[in-house]
Amino acid sequence: MGGGAVATTGNTAAISHLIDPRRKWYNNRRIITLNAWIVLLLITSSTTGYDGSMMNGLQSLAQWEDYFHNPTGGKLGLLNAIQNIGSLVAYPAAPYLSDGLGRRPTIFIGAFIMCCATVVQTASQSVGMFIGARFLIGFGQTFAANAAPMLVTEISYPTYRAPLTSTYNSLWYSGSIIAAWTTFGTFRINNTWAWRIPSALQALPSVLQVCLVWFCPESPRYLISKGKEAAALKTLAYYHADGDEQDGLVRYEFEEIRAAIEFDRTVAANVGWKSLFTTPGNRKRMRIIIALAFFSQWSGNGLVSYYLNKVFDTIGITDPNTQLLINGILQIWNLFWALSAAFLVDRIGRRILFMTSVLGMIVFFTLQTVCSALFAQRGSDQAAHAVIAFIFLFYAAYDVAFSPLIVSYTVEILPYQLRAKGLSIFNFTISAALIFNQYVNPIALGHLGWKYYIVYVCWLAFEAVFLWFYVVETKNRTLEETAVLFDGEDATEQIAGQAAQQAHITHELPVSDEKSSASFQEDNPGFTKA
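Okay, so let's go over this structure.

Calculation rules
- Residues numbered from 1 in each chain as written.
- Predicted model: local features only at pLDDT ≥ 70, side-chain atom pairs only at ≥ 80, totals over all residues.
- Heavy atoms only, no water.
- Helix = DSSP H or I, 4+ residues; strand = E, 2+ residues; numbered from the N terminus.
- Buried < 20%, exposed > 50% of the residue type's maximum accessible area, 1.4 Å probe, protein only.
- Areas by Shrake-Rupley, 256 points an atom, 1.4 Å probe, with all protein chains shown as cover.
- Axes fitted to C-alpha atoms, helices over the stretch in contact; angles between N-to-C directions.
- Parallel < 35°, antiparallel > 145°, perpendicular 65-115°, else oblique.
- Contact = heavy atoms within 4.5 Å.
- Nonpolar A, V, L, I, M, F, W, Y, C, P; charged D, E, K, R; others polar.
- Arc of directions from axis to C-beta.
- Phe/Tyr/Trp six-rings, centres within 6.5 Å; stacked < 30°, edge-to-face > 60°.
- Core = buried A, V, L, I, M, F, W, Y, C linked by side-chain atoms within 4.5 Å.
- Salt bridge = Lys/Arg side-chain N within 4 Å of Asp/Glu carboxyl O.
- 1 Å grid on protein atoms, 1.4 Å probe; cavity = no way out; pocket = protein on both sides within 12 Å on 5 of 7 lines; lining within 4 Å.
- Points joined across faces, edges and corners; volume = space filled by probe spheres on them.
- Left-handed = near helix turned anticlockwise from the far one by under 90°.

Regarding the overall build of the chain
Logical step 1: Looking only at helices and strands, the chain features 25 helices and zero strands.
Logical step 2: In the chain, which comprises 530 residues, the share counted as buried stands at 63%.
Logical step 3: Taken as a whole, the chain presents about 18,800 Å² of accessible surface, with 65% of it coming from carbon and sulfur.

Below, the structure written as structure tokens:
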């Protein structure tokens, strides 16, 4: 594949000979327990998904619109954007909590803030109170969303790391489904509880985390970085080898983490915010991470995520019951495609999923634009129905990569010392893109109607070119090997070799599917540039 990267075969090929084939997610009690704790972390994403779908649903509720005096234009944009403004305020502090206090305490702090904010949102007596509560929800969400995906990827059993981390962002739709069907069920209530009930249910994931997160294991990477090596080894052994601290896999994981953290501190000098942009490897990482963050929100999906009812208005579907029903079905459709793709990331690879996704979006969004134009010009019911079909097909294409991969790819290409800061920049970029979308989209739709879609068609074409040249394949590598991939093959071999030597085991280098490691830089024209 032109412009592609090294791809490996097998499950985490470098350590496949150390993994007990009898130890599966369905028959090993410790892995089952570990995955249960990971589910508790994964639902962090549900809170964000719930909010987007809830705001979609509330805008179709006459009870909500009447209570807040039919917000439109800038005020409607503020109601949607204020959560992301709250997130922006918290981003600078989030990585310091994740790296300083630990992943678990940071999740607890974020979840607790969201619980309090949801109470205020549910009890809102004015639009100002509602906006203030949504600001606090975004503020708390930042802390939880910074720590949770990192903890997922840092404690997962090696063969399940990529699918589980990819599931994190896919579960955005689980919250979206609950919100969509809750608002569909409550819109018949002829008082303010039509919108207060959906507001209250937004706290459910956070309540579970506040009550249970302290029972979840802490990240071995965090523990080693703080000098708590015995606790880290015990955690790895308990969940990855039934308590055997001399197990070959556990010893290799432990030594590889130590070697990678030491490499970050000394050779790569990955300390502080400035280091994110001071080395060629880190600049390559940040170029991809920032681009993916923008692409995830500027691919046309923002029109449907927050303004589905406005899109329906442009094609003549104005009945609230119909709008809410389609919204609810769409979220189930999205969850199916996102989870399906999440469990294929190590089989198909990241590059193929990204390219399939963006090319599919170009095709279906273009067709959606054409059908919207036909309806606007001719009032054709067939064109309106086709728009709905292409919205569903567009989202299937989006969900193939951008739902499962944007978070998992970000955390896996960042070394430990930069992971929290890099993820914070990723989330900051998403919020900035969302704020722009949430202010501009309703205004642009109101003035341009279907013509506004053409902007996104052109942008999607740019995305395709960028992804082709710059996305690097990372499948079937350990977390530490993936993270140093951008620092060159010598760094990868140094860390893997040192880990194998210290653990007294044989290390098997990954084998390329399409290219040898020597051709890696040569076959990645964008990857060689600082």
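A look at the packing of helix H1 (residues 29-42) against helix H11 (residues 204-212)
Logical step 1: Interaxial distance between H1 and H11 falls to 9 Å at its minimum, and their mutual angle equals 135°. As far as their axial angle goes, H11 and H1 are oblique. Mapping the contact onto sequence places Trp-37, Leu-40 and Leu-41 in H1 and Leu-208, Gln-209 and Leu-212 in H11.
Logical step 2: Class assignment of the residues belonging to the contact of H1 with H11 gives a composition of five nonpolar, one polar and no charged.

Let's talk about H11
Logical step 1: Taken together, the buried positions of H11 are Pro-205, Ser-206 and Gln-209. Mapping the buried residues of H11 onto a view down its axis gives an arc of 95°, with all of them on the same face.

What about the packing of aromatic side chains?
Logical step 1: Scanning the entire structure with this criterion turns up 38 aromatic pairs.
Logical step 2: Ring centres of Phe-68 and Trp-195 lie 5.2 Å apart, and the angle between their planes is 55°; on these two criteria the pair is classed as tilted. Pair noted here: Phe-68 is in the loop between helix H3 (62-67) and helix H4 (73-90) and Trp-195 is in helix H10 (residues 193-201), with a separation of 127 residues, a long-range link. Trp-195 shares its class with Phe-68; the two are buried.
Logical step 3: Between Phe-466 and Tyr-470 the ring centres are 4.7 Å apart and the planes differ by 50°, which places this aromatic pair in the tilted class. With a gap of four residues between them, Phe-466 and Tyr-470 both fall in helix H23 (residues 453-470), about one helical turn apart.

Examining the nonpolar core
Logical step 1: Within the largest apolar cluster, 103 residues are counted, with the highest numbers of intra-cluster contacts made by Phe-402 and Leu-467.
Logical step 2: Sort the elements by how many residues they give to this core and helix H20 (residues 381-401) lands first, with 14 residues.
Logical step 3: Residues in contact with Phe-402, not counting those within four places in the same chain, are Asn-169, Leu-292, Phe-295, Ser-296, Phe-354, Ser-357, Met-361, Glu-463 and Leu-467.
Logical step 4: By size, the runner-up hydrophobic cluster in this structure holds 17 residues, among which are Met-54, Leu-61, Leu-76 and Phe-187.

Details of the environment of Thr-47
Logical step 1: Residue position: Thr-47 is located in helix H2 (residues 44-58).
Logical step 2: Apart from the residues within four sequence positions on either side, Thr-47 is in contact with Met-114, Gln-141, Gln-202, Pro-205 and Ser-206.

A few points about the pattern of salt bridges
Logical step 1: On inspection of all chains with the given rule, the structure shows 14 salt bridges.
Logical step 2: Across the salt bridge formed by Asp-20 and Arg-22, the nearest N and O atoms sit 3.1 Å from each other.
Logical step 3: When salt bridges that share partners are traced, they join Asp-99, Arg-103, Glu-154 and Arg-419 into one network.

Thoughts on empty space enclosed by the protein
Logical step 1: Per the stated rule, a full pass over the model turns up seven cavities of 30 Å³ or more.
Logical step 2: Size it by volume and the largest cavity reaches roughly 570 Å³.
Logical step 3: Taken together, 15 residues line the second largest cavity, and the ones lying closest to its centre are Pro-158, Arg-221, Glu-253, Thr-478 and Leu-479.
Logical step 4: Put simply, the parts of the chain that give the lining of the second largest cavity at least two residues each are helix H7 (127-155), helix H14 (248-265) and helix H24 (479-484).
Logical step 5: The dominant element in the lining of the second largest cavity, judged by the number of residues it contributes, is H14, at three residues.
Logical step 6: Along the lines of polarity and charge, the residues of the lining of the second largest cavity split into four nonpolar, four polar and seven charged.

Quick word on the packing of H1 against helix H8 (residues 161-170)
Logical step 1: Direction vectors running N to C along H1 and H8 enclose 30°, while the axes themselves pass 9 Å from each other. Here H8 runs roughly parallel to H1, going by the angle between their axes. Read as a crossing pair, H1 and H8 show a hand that is right-handed. Note on element contacts: H8 touches H1 through Leu-164, Thr-167 and Tyr-168, opposite Asn-35, Ile-38, Leu-41 and Leu-42.
Logical step 2: When its residues are assigned to classes, the contact of H1 with H8 shows five nonpolar, two polar and no charged.

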